[in-house]
Amino acid sequence: MVTNHESRTRVDEVASGVYRISTPLDVIPGGFTFNSYLIADDEPLLFHTGYRTLFPITLEAINKVMPVEKLRWVGGSHFESDEFGALNQFLEAASAATAFGSEIGVLTSINDFASRTARGFGDGEEFSIGSRRMKWLYTPHVPHGWDCGVLFDQSTSTLLCGDLFTQAGANLPPVTASEVLTASEAMRGMMDYYAHALSTTPILERLASLDPSMLACQHGSAYRGDGAALLRELSNTIERGNSGLQSNN
Ligand SMILES: [Fe+2]
Ligand SMILES: [Fe+2]
């Protein structure tokens, strides 16, 4: 469903009760999508606020699914403007909402930035938003940010994987069953947005062990399929690249 023809913002239910709100921007040649995910439940949750300047059109899209006042959780993977820029606008629009992120994210940025006290989740911490149990996984520097984490919806096996598997392009389908690694590796080659962390391999293996059937990417299509296999392939690709770097030294 297109919710704004001018901005080309659209909303699609990519898993049961999981709505992808996507706006393309011409920030790179060919365009680039910025996605937020709205999870409908007794305590609705928004993962990524989108840019502050996009707030009116993100709000318009959310209101097509549910009244924004119902939001109870507003957070994201790591502290950058596409993840948290509109946080205070959402806290104002939804008076019962609590901001959330990783404990480190709350410590370093969110509690200073947010208009009210935020909740920092610890690694492996689970919480209920009604009929669903969510699990927070702390993934420092993967793909970037000391504060980085991802959120797993155990009821639909949806991994809200933030900037992992970022794909360029403005006109990608909301959901694809075709692998997204080739496109995301092209993006990684172009922008080098990964931190070169020692813990990348065990972190990706940990995410794979969740066995997600949906990878809800913040940029590009959401991927429906064997998420574990794709995460392991990503891990192997990064390792091969790293060993290539070492052998060149
Ligand atoms: Fe990021
Ligand atoms: Fe991002």
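Look up: the structure comes first, before these words.
Residue numbers here run from 1 along each chain, matching the order of that chain's written sequence. Numbering of ligands from 1 and lettering of chains from A proceed in the order in which they are written. The predicted nature of this model means local features are confined to residues of pLDDT at least 70 and side-chain atom pairs, given and counted, to a pLDDT of 80 or more, with totals for whole chains, interfaces and linings taken over all residues. Remark: hydrogens and water are excluded; side-chain values derive from all non-hydrogen atoms of the structure.

Draft legend 1. Molecular detail of the overall build of the protein. Secondary structure summary: the protein contains 7 helices and 15 strands in total. Each radius of gyration is computed over the set of C-alpha atoms, and the globule rule expresses the reference value as 2.2 Å times the number of residues to the power 0.38. Computed over the C-alpha atoms, the radius of gyration of the protein is 17 Å, within 12% of the 18 Å expected from 2.2 N^0.38 for a compact globule of 249 residues. Whether a residue is buried, partly exposed or exposed follows from its accessible area with a 1.4 Å probe, protein chains only, as a fraction of its type maximum: under 20%, in between, or over 50%, in that order. Put simply, the protein has 249 residues, and 56% of those count as buried. The contact criterion used throughout is that any non-hydrogen atoms of two residues lie within 4.5 Å. Taking all contacts inside the protein whose residues are at least 6 apart in sequence as the whole, residues at least 24 apart take part in 59%. Note on areas: Shrake-Rupley, 1.4 Å probe, and residue coverage restricted to the protein chains presented here. In the structure as shown, the protein presents an accessible area of about 10400 Å², 50% of it carried by carbon and sulfur atoms. For the charge count, each Lys or Arg is scored as positive and each Asp or Glu as negative, with His and the chain ends excluded. For the purpose of locating charges, the reference atoms are NZ of Lys, CZ of Arg, CG of Asp and CD of Glu. Taking the average place of the 17 positive charges on the side chains of the protein and the average place of its 29 negative ones, the gap between the two points comes to 4 Å. Elements are defined by DSSP. Helices are runs of H or I of four residues or more, strands are runs of E of two residues or more, and each kind is numbered from the N terminus.

Draft legend 2. Region of interest: unusual backbone geometry. The residue after Val 142, namely Pro 143, is reached through a cis peptide bond having omega 0°. With respect to the element layout, Pro 143 can be found in the loop between β10 (133-138) and β11 (149-153). Unusually for a residue other than glycine, His 141 sits at a positive phi of about 70°. Tracing the sequence through the fold places His 141 in the loop between β10 and β11. Since its relative accessible area comes to 30%, His 141 is described here as partly exposed. A positive phi angle, near 60°, is found at Phe 165, a position not held by glycine. For Phe 165, the position within the fold is in the loop between β12 (158-162) and β13 (175-176). The class for Phe 165 is buried, based on a relative accessible area of 1%.

Draft legend 3. Local environment of the pairing of strand β4 (residues 32-39). The element β4 is extensively covered by neighbouring structure, given that 8 of its 8 residues are classed as buried. What you see with β4 is no split at all: Phe 32, Phe 34, Ser 36 and Leu 38 on one side and Thr 33, Asn 35, Tyr 37 and Ile 39 on the other are buried throughout. Should DSSP find at least two bridges between two strands, the strands are regarded as paired. Relative to β4, strand β3 (residues 18-25) runs antiparallel, the two being bridged by 8 bridges. Residue pairing in the sheet places Arg 20 in a bridge with Tyr 37 of β4. The antiparallel hairpin formed by β3 and β4 contains 6 residues in its connecting segment, where Gly 30 sits at a positive phi of about 90°. Where β4 folds back on strand β5 (residues 45-47), the antiparallel hairpin that results is connected by 5 residues.

Draft legend 4. Up close: the coordination of the iron ion (ligand 1). For the iron ion (ligand 1), every protein donor is listed as His 78 (NE2), Glu 80 (OE), His 144 (NE2) and Asp 163 (OD), and the spread of their distances is 1.9 to 2.2 Å. What the 4 donor atoms of the iron ion (ligand 1) show is an angle range of 90 to 158° at the metal, which sorts the shape as irregular. Each metal site lists N, O and S donors within 2.8 Å (3.2 Å for Na, K and Ca). With water left out of the atoms, a site can look as if it is missing ligands. One chain supplies every donor to the iron ion (ligand 1), and in sequence these donors are spaced H-x1-E-x63-H-x18-D. You can call His 78 buried: its relative accessible area is 1%. Here the metal geometry follows the donor angles, with tetrahedral for four donors whose angles all fall between 85 and 135 degrees, square planar for four and octahedral for six when opposite donors are more than 155 degrees apart and every other angle is between 65 and 115, and irregular for all the rest.

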